[in-house]
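Letter by letter, the chains look like this.
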Amino acid sequence: MADADRSVTAVIASERPRLKAWLRRQVPDAQDVEDILQDAFFEFVVAARLMEPIRHAGAWLFTVVRNRVTDRRRQAGRMLDAAGSPSADPGASPLFATEDESIVDLLPDPAAGPEESYARKRLIQALEEAVLALPADQRLVFIAHEIDGISFKAMAQASGESINTLLSRKHYAVKALRQRLQALRDEVMGS
């Protein structure tokens with residue numbers, strides 16, 4: 001094995017536990033965690049062979065992993081927009097678990113015309129920004145439940161938090177999102 005290959009292997013072995021631990025806090029699905037890690041490591045191997053040596057390999061890998069997580073969250077938002085409804089997959093979980101906590105009613109119907117379609121796109125972009133602005137504990141619960149479809153019971157088992165704590169965090173996240181998006185909806189819809 002060449003020195004460069006040994007160096008790449010050593011970096012991957014040393015950074016894997018740290019990156020995996022961070023990813024587990026960001027992405028609840030273990031398979032997605034492994035997929036993101038494999039993508040990042042593949043990109044690292046290719047970059048190490050094509051470019052000059054990467055000076056801060058750990059930071060470089062963390063940036064790649066963080067960007068992959070962001071890409072997946074954006075993709076989930078685009079899937080919401082493209083479907084014109086909370087989910088294009090009939091087997092997927094709804095955007096919100098209960099009727100009384102739904103933000104879907106804030107989104108205009110894209111079939112109503114170009115203005116409504118534009119307004120919907122603005123609201124979805126604002127939703128993405130609002131979710132990223134939530135406190136980390138609320139954001140993680142909201143994304144795990146609403147985007148990734150993970151049950152509160154599974155989250156409680158994985159995190160060690162009580163179901164009531166997770167429900168409370170989701171409630172505060174939904175409340176904050178609803179308040180932040182209502183002002184934009186009023187502006188866009190002229191209510």
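Residues numbered from 1 in each chain as written. Predicted model: local features only at pLDDT ≥ 70, side-chain atom pairs only at ≥ 80, totals over all residues. Heavy atoms only, no water.

(A) Molecular detail of the overall build of the chain. In terms of helices and strands, the chain carries seven helices and zero strands. Across the 191 residues that make up the chain, the buried fraction comes to 33%. Considering only residue pairs separated by 6 or more positions, the chain has 63% of its internal contacts joining residues 24 or more positions apart. In the structure as shown, the chain presents an accessible area of about 11300 Å², 53% of it carried by carbon and sulfur atoms. (Helix = DSSP H or I, 4+ residues; strand = E, 2+ residues; numbered from the N terminus. Buried < 20%, exposed > 50% of the residue type's maximum accessible area, 1.4 Å probe, protein only. Contact = heavy atoms within 4.5 Å. Areas by Shrake-Rupley, 256 points an atom, 1.4 Å probe, with all protein chains shown as cover.)

(B) Region of interest: the environment of Leu23. Following the sequence through the fold, Leu23 ends up in helix α1 (residues 3–26). Among the residues examined, Leu23 registers a relative accessible area of 0% and is labelled buried. The sequence separation of Leu23 and Arg66 amounts to 43 residues, and the corresponding C-alpha distance is 8.4 Å. In contact with Leu23, other than residues within four places in its own chain, are Val33, Ile36, Leu37, Val65 and Val69.

(C) Looking closely at the packing of aromatic side chains. A complete count under the given rule lists two aromatic pairs for this structure. Geometrically, the ring pair formed by Trp22 and Phe62 is edge-to-face, given 4.9 Å between the ring centres and 70 degrees between the ring planes. On the criterion of sequence distance, the pair formed by Trp22 in helix α1 and Phe62 in helix α3 (residues 57–83) is long-range, its members being 40 residues apart. Classification of Trp22 by relative accessible area gives buried; the value is 16%. Ring centres 5.8 Å apart and planes at 50 degrees place the aromatic pair Phe44 and Trp60 in the tilted group. Of this pair, Phe44 sits in helix α2 (residues 30–50) while Trp60 is found in helix α3, placing the two residues 16 residues apart along the sequence. On the accessibility criterion, Phe44 (4% relative accessible area) is buried. (Phe/Tyr/Trp six-rings, centres within 6.5 Å; stacked < 30°, edge-to-face > 60°.)

(D) Layout of the pattern of salt bridges. Applying the stated criterion across every chain yields a total of eight salt bridges. Between Arg68 and Glu43 there is a salt bridge, with its nearest N and O atoms 2.2 Å apart. Of the two residues, Arg68 sits in helix α3 while Glu43 sits in helix α2, which places them 25 residues apart along the sequence. Given a relative accessible area of 30%, Glu43 falls into the partly exposed group. (Salt bridge = Lys/Arg side-chain N within 4 Å of Asp/Glu carboxyl O.)

(E) Examining the confidence of the model for the chain more closely. Confidence in the prediction for the chain averages 76 pLDDT; 76% of positions are at 70 or higher. Here residues 83–102 is a poorly scored stretch, pLDDT under 50, and it has 33 contacts once near neighbours within four places are set aside; other chains count. (pLDDT = per-residue confidence, 0-100.)

(F) Summary view of the packing of α1 against α2. One can describe the packing of α1 onto α2 by two numbers: an axis separation of 10 Å at closest approach and a directional angle of 150 degrees. Regarding the angle of α1 to α2, the classification is roughly antiparallel. Here the hand of the crossing between α1 and α2 comes out right-handed. Across the interface between the two elements, Asp5, Val8, Val11, Ile12, Arg16, Leu19, Lys20, Leu23 and Arg24 of α1 pack against Val33, Glu34, Ile36, Leu37, Gln38, Phe41, Phe44, Val45, Ala48 and Arg49 of α2. Of the residues in the contact of α1 with α2, the class split is twelve nonpolar, one polar and six charged. (Axes fitted to C-alpha atoms, helices over the stretch in contact; angles between N-to-C directions. Parallel < 35°, antiparallel > 145°, perpendicular 65-115°, else oblique. Left-handed = near helix turned anticlockwise from the far one by under 90°. Nonpolar A, V, L, I, M, F, W, Y, C, P; charged D, E, K, R; others polar.)

(G) Structural view of the environment of Val141. Residue position: Val141 is located in helix α5 (residues 136–147). We classify Val141 as buried; its relative accessible area is 4%. For the pair Val141 and Ala173, spaced 32 residues apart in sequence, the C-alpha to C-alpha distance is 8.5 Å. When sequence neighbours within four positions are dropped, the list of residues in contact with Val141 reads Phe152, Met155, Leu166, Arg169 and Lys170.

(H) Structural view of helix α6 (residues 152–159). Of all the residues in α6, the buried ones are Phe152, Met155 and Ala156. Buried residues of α6, seen end-on, are gathered within an arc of 100 degrees and therefore sit on one face of the element. Among the exposed residues of α6, those oriented more than 90 degrees off its buried face are Lys153, Gln157 and Ala158. In the segment just after α6, Gly160 is the residue with positive phi, at about 85 degrees. (Arc of directions from axis to C-beta.)

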